[in-house]
Amino acid sequence: MKRLLMVICLLAMPAFAADLGDDGLHKADWMRDTFKDLREDLEEANAEGKRLALMVEQRGCIYCTKMHEEVFPREDVASYIRDNFFVVQINLHGDTEVTDFDGEVLTEKQAARKWGLLFTPSILFLPQTVEEGATAQSAAVALMPGAFGPGTTLDMFTWVNEERYALETEEDFQRYHARRIQERADGSFD
C-alpha cells in the first residue's frame with residue numbers, strides 16, 4: 001500500500017526539468033529579465049502589486065537544481081511566486097551590470113560579494129520602499145539562504161508577502177513556519 005501511495009505521489013509531481021539558459025542558470029517562467037537596475041525593478045514590482053525578490057544562483061549548483069526540479073515546479077509554489085513576486089535572477093559569478101539601490105554599478109559577482117552572499121541559492125526579499133543610500137543587503141526584510149523543501153519555501157514567500165516580519169509579535173519566521181506545519185497537519189516536517 002505504501003508503494004502504491006508513493007508511486008501516485010511521484011506521478012502527481014511535475015516531471016520536467018527546469019530550462020537552462022546560456023549562462024548555465026535555471027530559468028523559471030516567473031523570473032524577470034530586466035536591466036538589473038534595482039530601483040527600476042522595485043518600481044516595476046510595486047506597479048504590479050508584487051514584492052521584489054533577488055534570487056542569487058550559480059552554474060552547476062546542485063541545490064539550485066534541486067529547487068528548480070523539485071520545489072519551484074510545484075503548482076502551489078510556482079503560482080504563489082508568479083502571482084505575488086517580481087523575481088530577478090543574479091548570477092553569483094556573473095559579469096552583467098547591476099545597479100544597487102545606493103546607485104553603485106557593479107557586476108553581478110561584485111554585487112553578490114558586496115551583499116555578503118556566499119551560498120546558492122540565496123533569495124533576498126525587499127520591502128516596497130528602500131531608504132536612500134541603502135543597499136539590497138541592508139534593505140532586505142528577509143534572506144532565504146540555501147535550498148529548502150516546498151513547505152518551507154512557500155511559508156517563507158508567504159511570510160514575506162504578508163509582511164509578517166513587520167508585525168509586533170513574538171512570531172518570527174521559525175515560529176510562523178512551525179505553526180503552518182501544525183496547521184497543515186499532513187505529517188510532513190518540511
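These figures come from a predicted structure and were not determined experimentally.

Conventions used here
- Residues numbered from 1 in each chain as written.
- Predicted model: local features only at pLDDT ≥ 70, side-chain atom pairs only at ≥ 80, totals over all residues.
- Heavy atoms only, no water.
- Helix = DSSP H or I, 4+ residues; strand = E, 2+ residues; numbered from the N terminus.
- Buried < 20%, exposed > 50% of the residue type's maximum accessible area, 1.4 Å probe, protein only.
- Areas by Shrake-Rupley, 256 points an atom, 1.4 Å probe, with all protein chains shown as cover.
- Polar contact = N/O pair within 3.5 Å; in protein donor to acceptor, adjacent residues only side chain to side chain.
- Contact = heavy atoms within 4.5 Å.
- Core = buried A, V, L, I, M, F, W, Y, C linked by side-chain atoms within 4.5 Å.
- Phe/Tyr/Trp six-rings, centres within 6.5 Å; stacked < 30°, edge-to-face > 60°.
- Pairing = 2+ DSSP bridges.
- Axes fitted to C-alpha atoms, helices over the stretch in contact; angles between N-to-C directions.

Draft legend 1. Structural context of the overall build of the chain. In terms of regular secondary structure, the chain is built from 8 helices and 9 strands. Residues counted as buried form 45% of the 190 residues belonging to the chain. Total accessible area computed for the chain in this model is approximately 10700 Å², and 53% of it derives from carbon and sulfur atoms.

Draft legend 2. Structural context of the side chain of His68. Among the structural elements, His68 can be located in helix H3 (residues 62–71). Here Glu57 takes part through its side chain, which lies 2.7 Å from a polar atom of the side chain of His68. Every residue in contact with His68, bar those within four places of it in the chain, is listed here: Ala18, His26, Met31, Met55, Glu57 and Pro73.

Draft legend 3. Main features of the nonpolar core. Ranked by internal contacts, the top residues of the largest apolar core, which has 25 residues, are Trp30, Phe72, Phe85 and Phe125. Elements with a minimum of two residues in this core: strand E4 (51–57), H3, helix H4 (75–84), strand E5 (85–91), strand E8 (122–125), strand E9 (142–145), helix H7 (150–161) and helix H8 (173–184). No other element matches H7, which puts 5 residues into this core. Those residues in contact with Phe85 that lie beyond four places of it in its chain are Lys50, Arg51, Ala53, Tyr80, Phe125, Phe157, Val160 and Asn161.

Draft legend 4. Representation of the side chain of His26 within the structure. Residue position: His26 is located in strand E2 (residues 26–27). On the basis of relative accessible area, His26 is assigned to the buried category, the value being 8%. Polar side-chain contacts of His26 include one of 3.3 Å to the side chain of Thr65. Residues in contact with His26, not counting those within four places in the same chain, are Ala18, Asp19, Leu20, Met31, Glu57, Cys64, Thr65, His68 and Gln89.

Draft legend 5. Focus on the packing of aromatic side chains. Scanning the model with the defined rule gives 7 aromatic pairs in all. With 5.8 Å between their ring centres and 70 degrees between their planes, Phe85 and Phe125 make a pair best called edge-to-face. Residue Phe85 is located in strand E5, and its partner Phe125 is located in strand E8; the two are separated by 40 residues in the primary sequence. Phe125 gets classed as buried once you look at its relative accessible area, which sits at 0%. Look at Phe173 and Tyr176: their rings are 6.5 Å apart centre to centre, the planes differ by 45 degrees, and that puts the pair in the tilted class. On the criterion of helical spacing, the pair formed by Phe173 and Tyr176 is a turn pair, its members being 3 residues apart in helix H8. By way of ring pairs, the aromatic residues Trp159, Tyr165, Phe173 and Tyr176 are connected into one cluster.

Draft legend 6. Focus on unusual backbone geometry. The residue after Thr120, namely Pro121, is reached through a cis peptide bond having omega -5 degrees. Within the secondary structure, Pro121 is located in the loop between helix H5 (108–114) and E8. Residue Lys36 is not a glycine yet carries a positive backbone phi of 60 degrees. The phi dihedral of Glu163 falls on the positive side, at around 55 degrees, and the residue is not glycine. Residue placement: Glu163 occurs in the loop between H7 and H8.

Draft legend 7. Molecular detail of the sheet that holds strand E3 (residues 31–32). One open sheet accounts for 5 strands, arranged E3-E5-E4-E8-E9; its pairing is mixed. Each edge of the sheet is formed by a strand with only one pairing partner; in this case those strands are E3 and E9. The sheet contact formed by E4 and E5 spans 7 bridges and is parallel. From the neighbouring strand, Val56 faces E5, where its bridge partner is Ile90. Against the sheet, helix H2 (residues 38–47) touches E3, E4 and E5, its axis set at about 135 degrees to E4. Relative to E5, H4 is tilted by about 100 degrees, and along the sheet it contacts E4 and E5.

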